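Descriptive structure summary
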Amino acid sequence: MLVYWLRSRHKIKTIEMSDGWWGSGERPVKGKEDESIRPFRIETSDKEIEDLHRRLDQARYTPHVEGAAFHYGFNSSYLQKVVAYWRNQFDWRKQVEVLNKYPHFKTTIEGIEIHFIHIKPSYVPHGRAVQPLLMVHGWPGSFYEFYKIIPLLTEPASHGLNEGDVVFEVICPSIPGYGFSEAPHKQGFDSVAAARIFHKLMNRLGFKEYYLQGGDWGSRITTNMAQMLPQCVKGLHLNLVFITARGFGGIFSVMLGAYAPWLVGFTREDVHRMYPFIQKNIYDILRESGYLHIQATKPDTAGCGLNDSPVGLAAYILEKFSTWTNKSFLQRDDGGLESKYTLDELLTNVMIYWVTASIVSSMRFYKENITKDPDLNAISRVGVYVPTGIAAFPQEITHTPQVWTKKAYKNIITYSYMPRGGHFAAFEEPRLLAQDIMNFVRKVEHL
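**What about the overall build of the chain?**
Each helix and strand in the chain was counted, giving 20 helices and nine strands. On C-alpha atoms alone, the chain measures out to a radius of gyration of 22 Å, which is about the 22 Å that the 2.2 N^0.38 rule sets for 447 residues. By its C-alpha atoms, the chain is 75 × 60 × 50 Å across when sized along the principal axes. By residue count, 55% of the 447 residues in the chain fall in the buried class.

**Notes on the side chain of His237**
Within the element layout of this structure, His237 appears in strand 7 (residues 233-238). The class of His237 is buried, set by a relative accessible area of 1%. Here the side chain of His237 touches Gln213 through a polar contact of 3.4 Å, side chain to side chain. Contacts of His237, omitting those with residues within four sequence positions, involve Leu212, Gln213, Gly214, Gly389, Ala391, Leu433, Asp436, Ile437 and Phe440.

**Section: helix 15 (residues 343-356)**
Between its first and last C-alpha atoms helix 15 spans 20 Å; for 14 residues at 1.5 Å apiece the expected length is 20 Å, and the two agree. In terms of burial, helix 15 is largely enclosed, as 11 of its 14 residues are buried. Those residues of helix 15 that fall on the buried side of the exposure criterion are Leu343, Glu345, Leu346, Leu347, Thr348, Asn349, Val350, Met351, Ile352, Tyr353 and Trp354. Trailing helix 15 by a residue or two, Ala357 shows a phi angle of about 50°, which is positive.

**Considering the pairing of strand 3 (residues 112-119)**
For strand 3, the buried fraction is high: seven of the eight residues fall into the buried class. Bridge count for strand 2 (residues 104-109) against strand 3 is six bridges, and the pairing is antiparallel. Residue pairing for strand 3: Thr108 is matched across the bridge by Glu113. Linking two consecutive strands that pair antiparallel, namely strand 2 and strand 3, is a turn of two residues; a positive phi of about 55° is found at Glu110 within it. In this structure, strand 3 lies alongside strand 5 (residues 167-173), joined through four bridges in antiparallel fashion. Among the inter-strand pairings, His118 is bridged to a residue of strand 5, identified as Ile171.

**Points about the nonpolar core**
Core analysis: the largest hydrophobic core is formed by 126 residues, its most contacted members being Trp139, Leu318 and Tyr409. Not counting the four nearest positions on each side in its chain, Tyr409 is found in contact with Thr223, Leu236, Leu238, Val241, Ile243, Ile379, Val384 and Thr388. Core analysis: the second largest hydrophobic core is formed by eight residues, Val264, Val271, Met274 and Phe277 among them.

**Thoughts on a nonpolar patch on the surface**
Residues Ile278, Ile282, Tyr283 and Leu286 make up a contiguous nonpolar surface patch of roughly 400 Å² in combined accessible area. With respect to the helices and strands, Ile278 occurs in helix 10 (residues 277-288). You can call Ile278 partly exposed: its relative accessible area is 45%.

**Looking at the packing of aromatic side chains**
Under the defined criterion, the tally for this structure stands at 30 aromatic pairs. Their ring planes at 20° and their centres at 6.4 Å tell us that Phe90 and Trp92 sit as a pair that is stacked. Accessibility assignment for this pair places Phe90 and Trp92 in one class, buried. Their ring planes at 25° and their centres at 5.1 Å tell us that Tyr341 and Phe427 sit as a pair that is stacked. Of this pair, Tyr341 sits in the loop between helix 14 (337-340) and helix 15 while Phe427 sits in helix 19 (residues 425-428), and the two are 86 residues apart along the sequence.

**Here's the deal with the packing of helix 4 (residues 92-99) against helix 15**
The relative placement of two packed helices is expressed as an angle between their axes plus a distance between the axes. Orientation of helix 4 relative to helix 15, taken along the N-to-C sense of each, is 85°, at an axis distance of 11 Å. When the interaxial angle is binned, helix 4 and helix 15 end up roughly perpendicular. Across the interface between the two elements, Trp92, Gln95 and Leu99 of helix 4 pack against Asp344, Thr348, Met351, Ile352 and Val355 of helix 15. Grouping the constituent residues of the contact of helix 4 with helix 15 by class yields five nonpolar, two polar and one charged.

**Regarding the side chain of Glu429**
Along the chain, Glu429 falls in the loop between helix 19 and helix 20 (430-445). We classify Glu429 as buried; its relative accessible area is 11%.

**With respect to empty space enclosed by the protein**
For the coordinates displayed, the defined rule picks out two cavities of 30 Å³ or more. Along the walls of the largest cavity sit 14 residues, with Glu145, Phe146, Gly215, Asn239 and His423 positioned nearest its centre. In terms of residue class, the lining of the largest cavity is built from six nonpolar, six polar and two charged. Space inside the second largest cavity adds up to approximately 40 Å³.

**A word on the sheet that holds strand 6 (residues 210-214)**
Read from one edge to the other, the open sheet built from nine strands follows the order 1-2-3-5-4-6-7-8-9, with strand pairing classed as mixed. Pairing within the sheet leaves two strands with one partner each, and these edge strands are strand 1 (38-40) and strand 9 (412-417). On average, adjacent strands in this sheet sit at an angle of 25° to one another, irrespective of strand direction. Against the sheet, helix 6 (residues 191-204) makes contact with strand 2, strand 3, strand 4 (130-136), strand 5, strand 6 and strand 7, and its axis sits at roughly 115° relative to strand 2, the strand it touches most.

**Section: the environment of Ile42**
If you trace the backbone, Ile42 turns up in the loop between strand 1 and helix 2 (46-57). Owing to a relative accessible area of 3%, Ile42 belongs among the buried residues under this scheme. Residues Ile42 and Ala245, 203 residues apart in the sequence, show an inter-C-alpha distance of 44 Å. Not counting the four nearest positions on each side in its chain, Ile42 is found in contact with Val96, Leu99, Asn100, His104, Phe143 and Phe180.

**A look at the layout of surface pockets**
Over the atoms rolls a probe the size of a water molecule, and its path tells where empty space is left. In this structure, the largest pocket encloses a volume near 930 Å³. Lining the largest pocket are 35 residues, and of these Phe242, Ile285, Leu292, Leu376 and Thr398 lie nearest its centre. Those elements giving two or more residues to the lining of the largest pocket turn out to be helix 7 (217-228), helix 10, helix 11 (290-295) and helix 16 (359-372). Tallying contributions element by element places helix 10 first for the lining of the largest pocket, with six residues. Of the residues assigned to the lining of the largest pocket, the class counts are 21 nonpolar, nine polar and five charged.

About the cut-offs
Residues numbered from 1 in each chain as written. Predicted model: local features only at pLDDT ≥ 70, side-chain atom pairs only at ≥ 80, totals over all residues. Heavy atoms only, no water. Helix = DSSP H or I, 4+ residues; strand = E, 2+ residues; numbered from the N terminus. Rg over C-alpha atoms; globule rule 2.2 N^0.38 Å. Buried < 20%, exposed > 50% of the residue type's maximum accessible area, 1.4 Å probe, protein only. Polar contact = N/O pair within 3.5 Å; in protein donor to acceptor, adjacent residues only side chain to side chain. Contact = heavy atoms within 4.5 Å. Expected span 1.5 Å × (residues − 1). Pairing = 2+ DSSP bridges. Core = buried A, V, L, I, M, F, W, Y, C linked by side-chain atoms within 4.5 Å. Patch = residues over 30% accessible without salt bridge, like charges linked within 9 Å, V, L, I, M, F, W, Y side chains within 5 Å. Areas by Shrake-Rupley, 256 points an atom, 1.4 Å probe, with all protein chains shown as cover. Salt bridge = Lys/Arg side-chain N within 4 Å of Asp/Glu carboxyl O. Phe/Tyr/Trp six-rings, centres within 6.5 Å; stacked < 30°, edge-to-face > 60°. Axes fitted to C-alpha atoms, helices over the stretch in contact; angles between N-to-C directions. Parallel < 35°, antiparallel > 145°, perpendicular 65-115°, else oblique. Nonpolar A, V, L, I, M, F, W, Y, C, P; charged D, E, K, R; others polar. 1 Å grid on protein atoms, 1.4 Å probe; cavity = no way out; pocket = protein on both sides within 12 Å on 5 of 7 lines; lining within 4 Å. Points joined across faces, edges and corners; volume = space filled by probe spheres on them.

None of the figures reported here should be taken as evidence of function without further support.
What follows is the structure, encoded as structure tokens:
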């Protein structure tokens, strides 16, 4: 009995893998699911483009509030400039070819089609191991966020990142309900269900062990993957960790941290990023999270308008690429969008939502998750024991100091204060993120 008790104390708690069915109608009683991997290409048509142009031409605009910049949301004067570019200069056919430069595939898992891109290095020096890496996007992003970081990870020598020991084979799926992955037809599809499906995807591709990387919802999904099958996860790298101060201990650390940060484990950089605490962690979060309350309660209502109006969709999505990239962009009439991205890049991401009519199903992911876990803190109750690397970008929506991160992630190998960048790290600062991923994997491989 004593031996059993001692063993149980050290047993790692995991999330049950279980199973699911998200297809239309009842799950077939007989017959095995088609497990084939099918090549896929994104296509467009004159009809699709003509319909878009017609809707852009018929858009109605509300005059902006003078001097408001982006404080009221997307500035309508700048929006008209974006739409003019979209209508007259943006070449969707050309961008479709850009999207198709990497191999796309689909496979059916738990009754729905899962879309993913799969990129292998073209050359691997003798004796060097290729590490499989699953990268998961968030909202309102897509698999396209990773297009600039993929060549850095699969062909590091060609981009001055060659240290002789780390090369990746990259798999980027679309979360079900996003882009070219089919939307779940049943209620309840949350991050745990997505985690299970992505484990099944990696197993179907022949991988027994692999690395994971994610931000936004991708962070939660990959964290759930590490909690579900830790024996399959060689390492977990995240560019967003959302763990808040809880209970008396959390409140005490916040209060004391402003005056004696070393006593509660805060670094000088933590203090710089977290304080003034009320402004940065309450007011700023409230200002930026209105969308979350809508999507966590009645996503289909707001989604109706977004799914019908490309201009409304662009404003809703691109506003996030402004303030989530840099909070100070609120002060700019153009939201600072073109200081970090090109309009072609931004509109390509919008088009992935538009041509797939997936904005509503992507928004539902908030309802499915927050209904079950209102404070998004279930991660801490299970814990993550796989080797973990964290890249903390200074313009991220919220900052989580390493001492708080340890409450959930028990085996942190690297924690990096990144010099610049915000929420869409792979899209905005691909080189910085690639270097941090490589550094993390290098250390894990030498443990």
